[in-house]
Amino acid sequence: MTEHLRSDPTDRPAVRAFERHRQELRAKRRRGAILFWAILLVAVAVSVNVAQFFPQRLLAGLPRVGDYLFATLPELRPDVLFEGTRTEGSLAYWYFNLPKYLLLLAETINMALIGTALGTTGALILCFPASHNLVRSTWIYTATRRLLEFCRAVPEIIFAILFVYTFGVGPLAGVLALAIHTAGALGKLFSEVNENVPAGPIEGVRGAGGSWLQEMRFAVLPQVLPNFLSYALLRFEINIRSSSILGFVGAGGIGQELYYVISFNHYEEVSAIVLLIVLTVTSIDLLSARLRQMAAGQEQFL
Amino acid sequence: MLVLRDVEKAFGKVRALRDVCLDVPRGQMLGVIGRSGAGKSTLLRTINRLGDPSAGAIRFDGVDVTGLAGRELMAWRGRCAMIFQQFNLVGRLDVISNVLLGRLARTGRLASLLGHFSDEDRARAILALERLDMAHAALQRADTLSGGQQQRVAIARALVQEPDILLADEPIASLDPRSAQLVMEALRRINREDGITVIANLHTLDTARAYCDRIVGMREGRIVFDGRPDELTVERARELYGSDGLEEMLAETVTSTALPARLARVAA
Ligand SMILES: Nc1ncnc2c1ncn2[C@@H]1O[C@H](COP(=O)(O)OP(=O)(O)OP(=O)(O)O)[C@@H](O)[C@H]1O
Ligand SMILES: [Mg+2]
């Protein structure tokens, strides 16, 4: 009997101690999980009430979505589809304002491009002091982190309103709003990439007498650059969408025209503009996806 | 001459270095041995000032190294090149760029940040690679090289620093026997031809015996042996490693550089 007990591997002191520890850990984790789900449930209940998000309201509202969409559809007649701008029912009639749209669309893309470029530059400068493995001073780290948080916590549209107020109506306000938000969002992503960088090469540069800037430039940047590029392109896609909305508050781009035609119930023009935006966003998404693939496989030289 | 006086280093409660006193004359090839955790890496990192000593003094040619900061500290690190067990190359950069990193302490700050190195620097880098038989791989990405090749690139990087001292932390611990031999021979050649002081942490007795002028043994942060290779008898080695440890040491064949000699001794 004792013989049998002794040979039971689950009865060894080391195993028992381990099992006890494991039970404790599991109990603790379970308590944590229960608490988490309870809080989540309460939060959802509260927010459903606050937002008046009730199924019957949703069901009652849904047909109206259809009504509006239907109203914006152009009346196209197959027989005169390719006639000029004066023939009702032709494509050209629907898009009689195309030159203006294209100009505004170009402005929108430009805003996104410049906003992304400026924001990425800001993120590139701020991401290194915001990575805890790269700075010794917790003060600098905390300060840059908080700054980045502020930049991305405030929605673009709020910055846009502020800058329209300060610099007047036009794309400058939009560009600045995009740049600040982009710096905040990308700065955080960049610093997280930095924090996963292997420390060996950094020590290699430091041990050879490199300065902090040189460590960042030669040991960190080459390792993270493909990721940075990929994130910046992703942000560009997001910024194209955002910049087409910023016009609603007068910050330039096609949003201003969209806002105008919506307010004045120029239904057919709403669908014309939305379709243009969708096409633009989709093609830029596709293009940027290709670029990102290329960035991932790219070699780095000094 | 490198002089260490009563150097201490503590990590919280762990005393990684205690009362370390060491004089290393210029041009010596010194091997540091000891069990895992004895403080060998800490010793080298403290000399290079990758880590600061908790107490004591480190002097080089009369200059107190422990007090340096800022540019002077970087210049000091430039003068005592470091070679790591894991090579610590920047994998995504090509080989020549990695070697050029050894010039950072000497190039203008702005020029180097823009990635601009002089023709002369590039020439030095190529010549250093050639000495280590690696010039053919100059434009290859560093992470495409084998471990032994990467370590030779790391030595080339150290060479272009034109250092007074070369600190090598287990330079051959992750290499196969043949690569290990090439690397050790390169270190000894640099030591003999350029008169650069070499301090190498080694984890096999044979390697230390075969290549070093002098051996220092560490145990629990203290230097407990300091002498010529032939003075390191089996008894002294047992003191260093403990009797179990010594068995392990002798059973270790993987990265030993002096395989035939060792086998002969075990057979005897
Ligand atoms: N950064 C650190 N933080 C805390 N403790 C450390 C640190 N670096 C080293 N130590 C401790 O200092 C002691 C000496 O470590 P060290 O790395 O110098 O040993 P070593 O002789 O190089 O060992 P090995 O042969 O395994 O590389 C060890 O007890 C180690 O745990
Ligand atoms: Mg070590």
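Our subject is the structure that appears above.
Everything quoted here is computed from the prediction, not taken from an experiment.

Colleague: Is there a simple way to explain the sheet that holds strand 4 (residues 55–60) of chain B in this structure?
Modeller: Neighbouring strands of a sheet are bound in pairs by backbone hydrogen bonds; such pairs are parallel or else antiparallel. Residues and elements named next belong to chain B. A sheet is described by the order of its strands in space; here 4 strands give the open sequence 2-1-4-5, paired in antiparallel fashion. Every other strand in the sheet has two partners, leaving strand 2 (14–24) and strand 5 (63–64) as the edge strands with one partner each. As defined by bridge partners, strand 1 (residues 2–11) adjoins strand 4 across 5 bridges and the pair is classed as antiparallel. Within the sheet, the bridge partner assigned to Arg 5 lies in strand 4 and is Ala 57. Each of strand 1, strand 2 and strand 4 is contacted by helix 1 (residues 40–48), which is oriented at about 65° to strand 2, the strand it contacts most.

Colleague: Help me out: how do you make sense of the packing of helix 5 (residues 119–131) of chain B against helix 6 (residues 147–160) of chain B in this one?
Modeller: Two quantities define a packed helix pair, namely the angle between the helix axes and the distance between the axes. All names here are of chain B. For the pair helix 5 and helix 6, the least separation of the axes is 9 Å and the interaxial angle reads 135°. It follows from the interaxial angle that helix 5 and helix 6 lie oblique. The element helix 5 and its partner helix 6 pack so that their crossing is right-handed. Contact residues: helix 5 offers Arg 124, Ala 125, Ala 128 and Leu 129, while helix 6 offers Ala 156, Leu 159 and Val 160.

Colleague: What am I meant to see in the nonpolar core here?
Modeller: Side chains of nonpolar character tend, in soluble globular proteins, to be buried together. Formed by 122 residues in total, the largest nonpolar core has its most connected members in A:Ala177, B:Ile83, B:Val99, B:Ala156, B:Leu166 and B:Leu167. In terms of residues, this core owes the most to one element, helix 10 (residues 212–246) of chain A, which gives 13 residues. Aside from chain neighbours lying at most four places away, what touches A:Ala177 is A:Glu156, A:Phe159, A:Ala160, A:Phe163, A:Leu246 and A:Ala251. A:Leu104, A:Leu105, A:Ile254 and A:Leu276 belong to the second largest nonpolar core, which has 10 residues in total.

What counts as what
Every chain begins its residue count from 1, and numbering advances along the sequence as written. Just so you know, chain letters begin at A and ligand numbers begin at 1, following the order they were written in. Local features in a predicted model are, by the rule used here, given only for residues with pLDDT of at least 70; side-chain atom pairs are given and counted only at 80 or more, and totals for whole chains, interfaces and linings are based on all residues. We treat two strands as partners when DSSP finds at least two bridges between them. Helix numbers and strand numbers start at the N terminus; a helix is a DSSP run of H or I with at least 4 residues, a strand a run of E with at least 2. By definition, residues are in contact whenever their C-beta atoms, placed on the basis of the backbone, come within 7 Å of each other. Only C-alpha atoms enter the line fits that serve as axes; for helices the fit covers just the stretch in contact. Angles between N-to-C directions range over 0 to 180 degrees. To sort the angles, those under 35 degrees are grouped as roughly parallel, those over 145 as roughly antiparallel, those from 65 to 115 as roughly perpendicular, and the leftovers as oblique. Take the far helix as your reference; a near helix turned counterclockwise from it by less than a right angle gives a left-handed crossing, and one turned clockwise gives a right-handed crossing. Think of a nonpolar core as buried Ala, Val, Leu, Ile, Met, Phe, Trp, Tyr and Cys residues chained together by C-beta atoms that fall within 7 Å. The burial criterion counts other C-beta atoms lying within 10 Å of a residue's C-beta, which is placed from the backbone; the residue is buried at 20 or more, exposed at 12 or fewer, and partly exposed between these limits.

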